[in-house]
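Commentary on secondary and tertiary structure
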Amino acid sequence: MSVIQRAYKTELDLNNEQITACRMHAGAARWAYSWGLARKQEAYRQTGRMPSAIDLHRELNALKKTDLPWMCEVSKCAPQEALRNLDTAFAHFFRRAALKQQGKLHGKVGYPTFKNSKRGLGSLRLTGSIVVFPDAIQLPRLGRLQLKERGYLQTSAKVLSATVIERAGRWYVSVLVEQEHHVPTNTGPVVGVDLGVKSLATLSDGTVEPNPRHLRSSLGKLKRLQHAVSHKQKGSGNRKKAVGSLATLHCRVANQRANTLHRFTSRLAKTKAVVVIEDLNVAGMLKNHHLAQAIGDVGLAEFRRQLTYKAAWYGCHLVVVSRWEPTSNACYECGWVNEQLTLADRTFYCQACGLALDRDLNAAINLAKLAGSSSESRNACGEESAGQGLAALVKLSSLKQEPNTDYASA
Ligand SMILES: [Zn+2]
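Residues numbered from 1 in each chain as written. Predicted model: local features only at pLDDT ≥ 70, side-chain atom pairs only at ≥ 80, totals over all residues. Heavy atoms only, no water.

**Topic: the confidence of the model for the protein chain**
Looking at the protein chain, the pLDDT average stands at 83 and 86% of residues meet or exceed 70. Here residues 374-410 is a poorly scored stretch, pLDDT under 50, and it has 98 contacts once near neighbours within four places are set aside; other chains count. (pLDDT = per-residue confidence, 0-100. Contact = heavy atoms within 4.5 Å.)

Listed below in structure tokens is the structure:
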């Protein structure tokens, strides 16, 4: 039995008065974040050091009495937690900047940016006395807020914090709880998972997880809505409306994507004792425009993140194999390596033993065979592992010569 932290997110059913209160809190959080960022930048220029969230909160409290009377109407948690988020954002920035210097990171370093309501109302985190009812949640200052789904939040769990989030006009609450967790004994099989683009994944036992391509199917509609936004006058009511519909569609696609991934990763972690995946260079793959959209749609980094924590919950052992290991281009039977294998080759033909099978299945079986020999998962989202080259999966040359492969046209 161990104690784990887990978040439960569910939609709120708010009345107009509550929406106004939530908007005010979110506004205070955004304001504090941006103010804190400006203060940090200013202090850094002058002294070379940056004030911490605690320093800034003290300064803000003094300011509140004289300059910011509206801030007194919101819970003190909203600005305080926003300043904490800012500290976290800087910690991630410094960590990633160090990795970049060592050449271990190819993606963005992510310097914190200012927040404004045009980019969404954002969120607010509250701590303190939070009470969960079967159909409502009681939050400091905001009071009792109705939930749309009854019974999802557990009333008995110890609540650490609650975050209220706005997305495309809807309001959600994510409740972080501490709960006892019993890790079950997982007696499932060992499975290699080859993540693809054409299909979401191929398993070494032969099952293929289809790629639902939510973004792709909504792409036409997205383009139309984007066009509608760009052709409306700035600041007009019609533009605002168009922006709203676009945000709703984006939100819908994101929800569908999250749902597909959650189902798949849960099933893997619950039913397999060992899951072997390849340490793909997602950031590197996204630079290739032919593949970028499809890979972004699949959410490979998110797949890895979910699988990492779910594996720990369900007693599944996650093994991450180095991308330098020949998996796609080696024969699983005899080990012969096809140096010329490209993305366009859908079938793997072994010239040594005559084996012929689906290339993704061959890769998945190779991964499963590496279950015992490789190191364990080292990080949650794989960003640190962005290395020099692309995975064997992606051979740029083949795509440039044949733009009409499945990847580019499907
Ligand atoms: Zn062979």
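**Re the sheet that holds strand 1 (residues 2-13)**
Reading across the sheet, the 7 strands line up as 2-6-7-1-5-4-3 and stay open at both edges, with antiparallel pairing between neighbours. Whereas interior strands pair on both sides, the edge strands pair on one side only; in this sheet they are strand 2 (123-126) and strand 3 (131-132). (Pairing = 2+ DSSP bridges. Helix = DSSP H or I, 4+ residues; strand = E, 2+ residues; numbered from the N terminus.)

**Considering the coordination of the zinc ion**
In an ideal tetrahedron of four donors about a metal, each angle is 109.5 degrees. In an ideal octahedron of six donors, the angles are 90 or 180 degrees. Within the protein, the atoms that donate to the zinc ion are Cys-331 (SG), Cys-334 (SG), Cys-350 (SG) and Cys-353 (SG), at distances of 2.2 to 2.3 Å. Around the zinc ion, the 4 donor atoms sit at angles spanning 104 to 117°, and that spread fits a shape best called tetrahedral. Take Cys-334: its relative accessible area is 42%, and that puts it in the partly exposed class. Taking relative accessible area as the criterion, Cys-353 reaches 42% and is therefore assigned partly exposed. (Donors = N, O, S within 2.8 Å, 3.2 Å for Na, K, Ca; no water. Tetrahedral: all angles 85-135°; square planar, octahedral: opposite > 155°, others 65-115°. Buried < 20%, exposed > 50% of the residue type's maximum accessible area, 1.4 Å probe, protein only.)

**Observations concerning the layout of surface pockets**
Counted as a void, the largest pocket has a volume near 1,200 Å³. Taken together, 34 residues form the lining of the largest pocket, with Ala-7, Tyr-8, Lys-9, Ser-174 and His-262 sitting closest to its centre. Tallying contributions element by element places helix 5 (residues 237-271) first for the lining of the largest pocket, with 9 residues. In this structure, the second largest pocket spans a volume of roughly 790 Å³. If you list the elements that add at least two residues to the lining of the second largest pocket, you get strand 6 (158-167) and helix 5. Here the lining of the second largest pocket gets 8 residues from one element, more than from any other, and that element is helix 5. (1 Å grid on protein atoms, 1.4 Å probe; cavity = no way out; pocket = protein on both sides within 12 Å on 5 of 7 lines; lining within 4 Å. Points joined across faces, edges and corners; volume = space filled by probe spheres on them.)

**What about the sheet that holds strand 10 (residues 208-210)?**
The strand order 10-9-8-11-12 describes an open sheet built from 5 strands, whose pairing is mixed. Looking at the sheet topology across the chains shown, the edges are occupied by strand 10 and strand 12 (317-321). Ignoring which end each strand starts from, the neighbouring axes of this sheet average 20° apart. As paired strands, strand 9 (residues 199-203) and strand 10 are joined by 3 bridges and run antiparallel to one another. Paired with Ser-199 across the strands is Pro-210, a residue of strand 10. In the packing of helix 5 onto the sheet, the strands contacted are strand 8 (190-195), strand 9, strand 10 and strand 11 (274-278), and the crossing angle to strand 9 comes to about 10°. Running over the sheet, helix 9 (residues 359-369) touches strand 8, strand 9, strand 11 and strand 12 and is turned about 135° from strand 8. (Axes fitted to C-alpha atoms, helices over the stretch in contact; angles between N-to-C directions.)

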